[in-house]
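Remarks on the overall topology
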Amino acid sequence: MKVWLQVEVNHFEPASSQLGWEQVFKPMFGMTTDPAAVEANEAKLSKVLDVYETRLSKSKYLGGDQFTLVDLHHLPNIQVLNGTPTKKLFDSRPKLSAWIADVTARPAWSKVLAMQKQ
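For the structure given in this document, a descriptive report is provided here. Nothing here was measured: the structure is a model prediction, and the numbers come from that model.

About the cut-offs
- Every chain is numbered independently, its residues counted from 1 as its sequence is written.
- Predicted model: local features are reported for residues with pLDDT of at least 70 only, side-chain atom pairs are reported and counted for 80 or more only, and whole-chain, interface and lining totals are derived from all residues.
- Neither water nor hydrogens contribute to the side-chain values; these are computed over all heavy atoms in the structure.
- Strands here mean DSSP runs of E at least two residues long; helices mean DSSP runs of H or I at least four residues long; both are numbered from the N terminus.
- For the radius of gyration, the atoms used are the C-alpha atoms, and the globule rule reads 2.2 Å times the number of residues raised to 0.38.
- A simple rule labels every residue: compare its accessible area, found with a 1.4 Å probe on the protein chains alone, to the largest value its type can have, and call it buried under 20%, exposed over 50%, or partly exposed in between.
- Within this scheme the basic residues Lys and Arg register as positive and the acidic residues Asp and Glu register as negative, but His and the chain ends are omitted.
- Note that the charge is assigned to NZ on lysines, CZ on arginines, CG on aspartates and CD on glutamates.
- Only the stretch in contact is used when fitting a helix axis, every axis being a line fitted to C-alpha atoms; angles between N-to-C directions are given from 0 to 180 degrees.
- Our angle categories are set so that under 35 degrees counts as roughly parallel, over 145 as roughly antiparallel, 65 to 115 as roughly perpendicular, and the remainder as oblique.
- Crossing chirality is assigned from the near helix's rotation relative to the far helix, an anticlockwise turn below a right angle marking it left-handed and a clockwise turn marking it right-handed.
- Throughout, a contact is declared for two residues whenever any of their heavy atoms are within 4.5 Å.
- Residues are grouped as follows: Ala, Val, Leu, Ile, Met, Phe, Trp, Tyr, Cys and Pro are nonpolar; Asp, Glu, Lys and Arg are charged; all remaining types, including Gly, are polar.
- The arc in question is traced by the directions running from the helix axis to the C-beta atoms.
- For patch detection, residues must exceed 30% relative accessible area and be free of salt bridges, and they are connected within 9 Å for like charges or within 5 Å for nonpolar side chains (Val, Leu, Ile, Met, Phe, Trp, Tyr).
- Only the protein chains shown count as covering a residue, and every accessible area follows the Shrake-Rupley method with a 1.4 Å probe.
- Salt bridges are counted wherever a side-chain nitrogen of Lys or Arg sits within 4 Å of a carboxyl oxygen of Asp or Glu.

With that settled, consider the overall build of the chain. Within the chain one finds 6 helices and 0 strands. Computed over the C-alpha atoms, the radius of gyration of the chain is 14 Å, within 12% of the 13 Å expected from 2.2 N^0.38 for a compact globule of 118 residues. Overall, the C-alpha framework of the chain stretches about 45 × 35 × 25 Å when taken along its three principal axes. The burial tally for the chain puts 38% of its 118 residues in the buried class. Considering the chain, the positive charge centre built from 14 side chains and the negative charge centre built from 12 side chains are found 5 Å apart.

This next bit is on the packing of helix H1 (residues 2–28) against helix H3 (residues 69–81). Relative orientation of the contacting elements H1 and H3 amounts to 15°, with a least axis distance of 9 Å. When the axes of H1 and H3 are compared, the pair comes out roughly parallel. For the pair H1 and H3, the crossing hand works out as left-handed. On H3, the residues that touch Trp4, Leu5, Glu8, Phe12, Glu13, Ser16, Ser17, Leu19, Gly20, Gln23, Val24 and Phe25 of H1 are Leu69, Val70, His73, His74, Asn77, Ile78, Val80 and Leu81. Among the residues making up the contact of H1 with H3, the classes are represented as 11 nonpolar, 7 polar and 2 charged.

Another aspect to go through is helix H5 (residues 94–104). Taken together, the buried positions of H5 are occupied by Leu96, Trp99, Ile100 and Val103. Around the axis of H5, the buried residues are gathered within 100° of arc, so they sit on the same side. Buried-residue contacts for H5 involve helix H2 (35–56), H3, helix H4 (87–91) and helix H6 (107–116).

On the surface, Trp21, Phe25, Met28, Phe29 and Met31 cluster together into a nonpolar patch covering about 530 Å² of accessible area. Relative to the elements of secondary structure, Met28 occurs in helix H1. For Met28, a relative accessible area of 59% puts it in the exposed group.

Our focus in this paragraph is the pattern of salt bridges. Pairing between side chains of opposite charge can happen when the charged atoms of each approach one another. The full count for this structure, using the stated rule, is 5 salt bridges. We note a salt bridge from Asp91 to Lys87, for which the minimum N-O separation is 2.9 Å. Here Asp91 and its partner Lys87 are both found in helix H4, 4 residues apart, which amounts to about one turn of the helix. By relative accessible area, Lys87 is classed as partly exposed at 29%.

What follows is the structure, given as structure tokens:
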């Protein structure tokens, strides 16, 4: 599990956060999205998603066969990116896409999303 937490912190999070900033938060603040930054970070994210696709062909979750903190750490940025064109990177990987459907359908995550709307 520690290895996959490090992968999230050092590879998934930086690229996915930058993509969220460029495609969601900059427009919210009236700023212009930088297409070069989006392209560069999609390339970085694609590399880690390829690793995830391979991992998820061997186990149900990133940390093994049970849902763990590793999976949970990905949810906020996945949620942000699901509303952007970057979602195509998730959709093009069947194992990853199934994992995202699974982890985002958890009742606790649904409660978090409902609380954000209040």
